Amino acid sequence: RFRLLVTDSYRFLSDKLGLVRMKLLFRRARTQSPNILHIRDMEFMTRDRERYPTFASVRSTTHFLLSIDGYTAGTETIAEKREIFIIGSMETAYMIDKACMRSGRLDWVMDFEYPDEKARQEMFGLHGARSLVKKSVSIDWAYFSTMTAGFTCLDVRTVLNTSAVHVLQHRL
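Residues numbered from 1 in each chain as written. Predicted model: local features only at pLDDT ≥ 70, side-chain atom pairs only at ≥ 80, totals over all residues. Heavy atoms only, no water.

Asks: What should I look at first to understand the overall build of the chain in this one?
Replies: A count of helical and extended segments in the chain gives six helices and three strands. Counting from the amino terminus, the chain carries its helices and strands in the arrangement β-α-β-α-β-α-α-α-α. Radius of gyration (C-alpha) of the chain: 22 Å, far over the 16 Å computed for a compact globule of 172 residues. When the backbone C-alpha atoms are referred to their principal axes, the chain occupies close to 70 × 35 × 30 Å. Taking all 172 residues of the chain together, the buried fraction comes to 32%. Within the chain, contacts between residues separated by at least 24 positions form 69% of all contacts whose residues are at least 6 apart in sequence. Total accessible area on the chain is roughly 11,500 Å²; 56% of this is exposed by carbon and sulfur atoms. Of note, the chain has its 26 positive side-chain charges centred 8 Å away from the centre of its 20 negative side-chain charges. (Helix = DSSP H or I, 4+ residues; strand = E, 2+ residues; numbered from the N terminus. Rg over C-alpha atoms; globule rule 2.2 N^0.38 Å. Buried < 20%, exposed > 50% of the residue type's maximum accessible area, 1.4 Å probe, protein only. Contact = heavy atoms within 4.5 Å. Areas by Shrake-Rupley, 256 points an atom, 1.4 Å probe, with all protein chains shown as cover. Lys, Arg positive; Asp, Glu negative; His and termini not counted. Charge placed at Lys NZ, Arg CZ, Asp CG, Glu CD.)

Printed below as a string of structure tokens:
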């Protein structure tokens, strides 16, 4: 059984507390291993140090790499090996430092495309069937799927939930 630790990368960008938070997170992950560490919006803490040579970017990326490798206290001469599976989500992998992709660090990049029009129509039909919106009137989901290019499943659900709230507020 694995523990799940979830955090956002913006917590590690603070000039005063960012590095301390990162060390504490990885120390906690190592003491509670095996576990899964999920970091949202990871592109902010793993920026390419050659492409974005600002002090904050270089510092956060370097310390992130040291933490992944097992050097969390800063005094170790041998990296501490524990079972930590890191999952990072990001908008684009374009900005990530090449050193993050070396063996033993972040091994895979999975690219999830936005759903096409047919998939969005299925999502509208599926989520709309359980919504107040579907019960109110007959709706052409093909029209909405055409108008929502670039929407994710979460965006589709947000449209339906907002519509349901609107229906309840105005009693349509």
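Still more to cover.
Asks: Got a minute to help me understand the pairing of strand 2 (residues 35–40) in this structure?
Replies: Side chains on a regular strand alternate between the two faces of the sheet. In this sheet, strand 2 lies alongside strand 1 (residues 3–8) in parallel orientation, the contact comprising six bridges. The partner of Arg-3 across the bridge, within strand 2, is Asn-35. As paired strands, strand 2 and strand 3 (residues 84–88) are joined by five bridges and run parallel to one another. Bridged to Ile-36 within strand 3 is Phe-85. (Pairing = 2+ DSSP bridges.)

Asks: Please explain the packing of aromatic side chains as it appears in this structure.
Replies: Describing an aromatic ring pair means giving the distance of the ring centres and the angle of the ring planes. This structure, assessed with the given rule, holds five aromatic pairs. Pairing Phe-26 with Phe-64 gives two aromatic rings, centres 6.1 Å apart and planes at 70°, and the pair type is edge-to-face. Taken as a pair, Phe-26 in helix 1 (residues 18–31) and Phe-64 in helix 2 (residues 55–69) lie far apart in primary sequence, 38 residues in all. Taken individually, Phe-26 and Phe-64 each receive the classification buried, so the pair is uniform in this respect. Arranged with centres 6.1 Å apart and planes meeting at 50°, the rings of Trp-141 and Phe-144 form a pair that is tilted. Highlighted residues: Trp-141 and Phe-144, both in helix 5 (residues 141–147), separated by three residues, approximately one helical turn. Classification of Trp-141 by relative accessible area gives buried; the value is 10%. (Phe/Tyr/Trp six-rings, centres within 6.5 Å; stacked < 30°, edge-to-face > 60°.)

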